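# Structural overview for review
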Amino acid sequence: MRYLIDLLDSINEDVELTEARGLSARKPGDQFQKVGSTNDSDIITFQGLDFYPDSGSYESAEEMMQALKTLKNEKGIDPEAVNKPTALSKAFGVAEFDTVAGKKYLVKFAQKINPTREKNIFWQTSDIPGGYSQMSARGSKEKVGYKPDDILTSYKSQTPDSIAKQVYAKFGVDSPIGQAMQIFMQSDSFPVVIPGEGIDFPAFRDYFCEMLQPIALIKNMPVQGNAGKAAEVFMGGDYSDCVVSFNESVSGALYDSLMVSPEGKQIKLSSKGAKGAMASVVNLLRSAQELKAAGLDNIVDQYGDVLDILKTIDRGNHYTGPLNLAEQLGLITPEESKIVMSLKDVPQATPVEDIPQLTDNLRQLYRDRKAANPSAVVPLEHLTSSIAYRVVNQINNTTNFSDAAADILNNSAFVQMYTEASKKGTDIILKGFKTVWPSKLFTEVTLEAQKSYSSTASSGGKLVFNINKEPRTVPNVDNSAGGKPGTDSDVADNIPASSGIEPQGNRSKVTARGDRQRDDKNLGRKRR
């Protein structure tokens with residue numbers, strides 16, 4: 001492959017690398033360096049690995065090649081093959097890397113895809129042309145100190161000048177990174193040429209530029225893409241009067257910075273690739289509100305069934321949210337919901353046989369959940385958790401909830417923003433910033449019970465939403481039924497009932513008593 005051959009032409013072809021798990025177990029941001037090199041230009045950064053199909057294989061080699069052709073056309077990428085397909089090849093994996101020359105994609109063909117991601121060990125580090133090994137944490141860009149949370153002491157309502165002053169305070173005006181900041185602040189177009197001596201290039205590109213990106217928008221520098229269109233739609237203007245707030249969360253954050261207009265209107269910016277945005281939760285109702293306020297009713301109205309689900313969670317509490325959804329799905333009846341709530345007076349560790357008010361259906365649901373520590377089981381929590389897990393998996397796996405929620409998020413006030421930079425000699429060439437709106441970041445949004453539900457304790461939390469989580473098919477495998485529930489500060493509980501997003505038609509009607517079949521008209525269309 002020409003782009004990596006040019007980059008790594010001096011590599012020793014006899015270097016043999018081995019690893020147990022392969023790229024499927026690597027995380028976005030993991031860095032690999034040419035064996036024996038200490039140069040920044042010989043570092044590549046892993047951004048993600050996608051499998052086609054998600055599991056199993058295509059019916060034929062022809063269908064596989066058509067899928068690859070479709071991928072090229074839809075995503076505008078042209079991955080280079082690291083192996084040749086054989087008569088048995090009916091699946092493939094596409095790996096994405098950042099290099100000094102920009103984003104690069106590699107494809108490797110295989111017989112089939114294992115549904116358990118980490119078991120797809122056919123894509124190895126040794127498949128990257130040139131000979132690489134994974135960098136240790138000591139050499140990683142993570143440790144350089146260029147992240148906004150490493151530099152900033154004030155995160156909210158910042159201006160370009162206030163951001164620059166914090167950079168100077170951290171590193172010094174005459175430091176290499178301080179000089180880079182001065183050069184950028186004095187520029188009004190691209191490319192921007194920055195002396196690179198003393199600057200860690202991958203950390204500058206991937207972290208420091210998270211601060212430069214919103215500055216470029218405020219300064220009306222000529223960025224590529226549709227960020228300007230997003231500003232017109234959601235703000236009624238441009239970014240010139242905005243202030244920027246940075247996300248203080250080091251991990252699990254969905255966006256990197258927030259552009260806020262004088263009227264309080266907001267647009268979120270993210271520098272993360274699709275596999276890098278591992279945020280656990282997002283408030284989907286607020287995104288629907290953004291679309292409504294911007295006049296994009298056509299996007300919201302087609303997903304009234306999904307909004308019904310969100311509003312049911314929003315209006316309920318830790319208990320009534322999953323119970324009400326279970327009623328709508330036909331898993332339990334309204335009378336059984338009342339029986340579940342009556343368990344609040346049943347003592348801890350009471351055997352299910354000694355809870356006479358349970359129906360046969362509730363008794364089976366109770367037994368379906370296996371607690372790690374039966375002596376610590378709280379009956380109300382145990383049965384509610386069993387129902388919550390059943391509810392989220394049925395919604396995730398049998399309705400269009402995931403696709404619809406992703407579509408709402410992608411079209412909301414959320415702009416992907418990427419840095420295009422390279423090194424030429426010792427100079428850093430900041431070529432510009434590329435923006436994408438509507439976003440393509442969100443591919444999978446699932447309901448999750450794991451954060452809030454267990455057999456032994458109540459967090460008081462509700463069902464939450466998980467972004468681009470793996471595995472996609474069964475996202476709520478209960479491996480610690482007796483454990484303490486996780487906590488999350490961004491559960492879907494902070495949108496008022498009067499959000500202005502109303503259900504469409506009669507999608508929220510209660511399933512008839514005794515009907516245990518899923519009603520497609522109630523809770524989303526069948527999953528595609």
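Residues numbered from 1 in each chain as written. Predicted model: local features only at pLDDT ≥ 70, side-chain atom pairs only at ≥ 80, totals over all residues. Heavy atoms only, no water.

## Details of the overall build of the protein
The helix and strand inventory of the protein stands at 15 helices and 15 strands. Taking all 528 residues of the protein together, the buried fraction comes to 53%. Put simply, of all contacts in the protein between residues at least 6 apart along the chain, 70% involve residues at least 24 apart. Accessible surface, the protein as shown: approximately 23,100 Å² in total, 47% of it carbon and sulfur. (Helix = DSSP H or I, 4+ residues; strand = E, 2+ residues; numbered from the N terminus. Buried < 20%, exposed > 50% of the residue type's maximum accessible area, 1.4 Å probe, protein only. Contact = heavy atoms within 4.5 Å. Areas by Shrake-Rupley, 256 points an atom, 1.4 Å probe, with all protein chains shown as cover.)

## What about the nonpolar core?
One finds Phe184, Phe204, Phe208, Tyr239, Ile267, Ile387 and Phe401 to be the most contacted residues of the largest nonpolar core, which totals 103 residues. Top contributing element to this core by residue count: helix H6 (residues 201-218), with 12 residues. One finds Leu23, Phe32, Ile44 and Trp123 within the second-largest nonpolar core, a separate group that totals 16 residues. (Core = buried A, V, L, I, M, F, W, Y, C linked by side-chain atoms within 4.5 Å.)

## Quick notes on the environment of Ser412
Mapping Ser412 onto the fold places it in the loop between helix H15 (401-411) and strand S12 (414-424). Sequence separation between Ser412 and Ser439 is 27 residues, and the spatial gap between their C-alpha atoms is 8.2 Å. Among residues more than four places away in sequence, those in contact with Ser412 are Phe234, Ser287, Glu290, Leu291 and Trp437. Within the structure, the side chain of Ser412 is placed 2.7 Å from the backbone oxygen of Leu409, a separation counted as a polar contact. (Polar contact = N/O pair within 3.5 Å; in protein donor to acceptor, adjacent residues only side chain to side chain.)

## As for the packing of helix H8 (residues 284-293) against helix H10 (residues 304-315)
One way to put it is that H8 packs onto H10 with a least axis distance of 10 Å and a crossing angle of 125 degrees. On the basis of their axis angle, the class for H8 and H10 is oblique. Once H8 is placed against H10, the crossing between them reads as left-handed. Across the interface between the two elements, Leu284, Leu285 and Ala288 of H8 pack against Leu307, Leu310, Lys311 and Asp314 of H10. (Axes fitted to C-alpha atoms, helices over the stretch in contact; angles between N-to-C directions. Parallel < 35°, antiparallel > 145°, perpendicular 65-115°, else oblique. Left-handed = near helix turned anticlockwise from the far one by under 90°.)

## Details of the confidence of the model for the protein
Per-residue pLDDT for the protein has a mean of 80; in total, 80% of the residues score no lower than 70. With pLDDT under 50 throughout, residues 1-20 is counted as low confidence; its partners more than four residues away or in other chains account for 41 contacts. Overall, residues 479-525 carries pLDDT values under 50, and its contacts beyond four positions in sequence, including any with other chains, amount to 123 contacts. (pLDDT = per-residue confidence, 0-100.)

## Regarding the environment of Asn114
If you trace the backbone, Asn114 turns up in the loop between strand S5 (102-110) and strand S6 (132-134). The class for Asn114 is partly exposed, based on a relative accessible area of 29%. For Asn114 and Asp54, which are 60 residues apart along the polypeptide, the C-alpha to C-alpha distance reads 8.2 Å. When near neighbours in sequence (up to four residues on either side) are disregarded, Asn114 contacts Asp54, Lys119 and Asn120.

## Comments concerning the packing of aromatic side chains
Evaluation of the coordinates by the stated rule reveals 13 aromatic pairs. Relative to Phe92, the ring of Tyr52 has its centre 5.1 Å away and its plane inclined at 20 degrees; by these criteria the two rings are stacked. With Tyr52 in strand S2 (residues 43-52) and Phe92 in strand S4 (residues 91-99), this residue pair connects regions lying 40 residues apart in the sequence. Ring geometry for Phe234 versus Trp437: centroids 5.8 Å apart, planes at 85 degrees, classification edge-to-face. With Phe234 in helix H7 (residues 227-235) and Trp437 in the loop between strand S13 (427-436) and strand S14 (445-448), this pair connects stretches of sequence that are 203 residues apart. A network of ring pairs unites the aromatic residues Tyr52, Tyr58, Phe92 and Phe109 as a single cluster. Over the ring of Tyr207 we find Lys147, and its NZ or CZ is 5.1 Å from the ring centre. (Phe/Tyr/Trp six-rings, centres within 6.5 Å; stacked < 30°, edge-to-face > 60°. Lys NZ or Arg CZ within 6 Å of the ring centre and 35° of its normal.)

## Details of the pattern of salt bridges
Applying the stated criterion to the full structure yields 11 salt bridges. For Glu353, the salt bridge goes to Arg367, with nearest N and O atoms at 3.7 Å. Of this pair, Glu353 sits in the loop between helix H12 (334-341) and helix H13 (360-368) while Arg367 is found in helix H13, placing the two residues 14 residues apart along the sequence. Under the relative-accessibility criterion, Glu353 is labelled exposed at 53%. (Salt bridge = Lys/Arg side-chain N within 4 Å of Asp/Glu carboxyl O.)

## Details of unusual backbone geometry
Here Phe190 and Pro191 are connected by a cis peptide whose omega angle stands at 0 degrees. With respect to the secondary-structure elements, Pro191 resides in the loop between helix H5 (176-185) and strand S7 (192-195). Of note in the backbone geometry, Ser157 takes a positive phi value of approximately 50 degrees without being a glycine. Structurally, the position occupied by Ser157 is in the loop between helix H3 (148-151) and helix H4 (160-171). Given a relative accessible area of 48%, Ser157 falls into the partly exposed group. With a phi close to 65 degrees, Ala349 is a non-glycine residue in the positive phi region. One can find Ala349 in the loop between H12 and H13.

## Regarding the side chain of Glu381
Inspection of the secondary structure puts Glu381 in helix H14 (residues 379-398). One buried charged residue, Glu381, forms no salt bridge at all, with the nearest opposite charge on Arg369 at 8.6 Å. Leaving out residues up to four positions away in the same chain, Glu381 has contacts with His318, Tyr319, Ser454, Ser455, Ala457 and Ser458. (Lys, Arg positive; Asp, Glu negative; His and termini not counted.)

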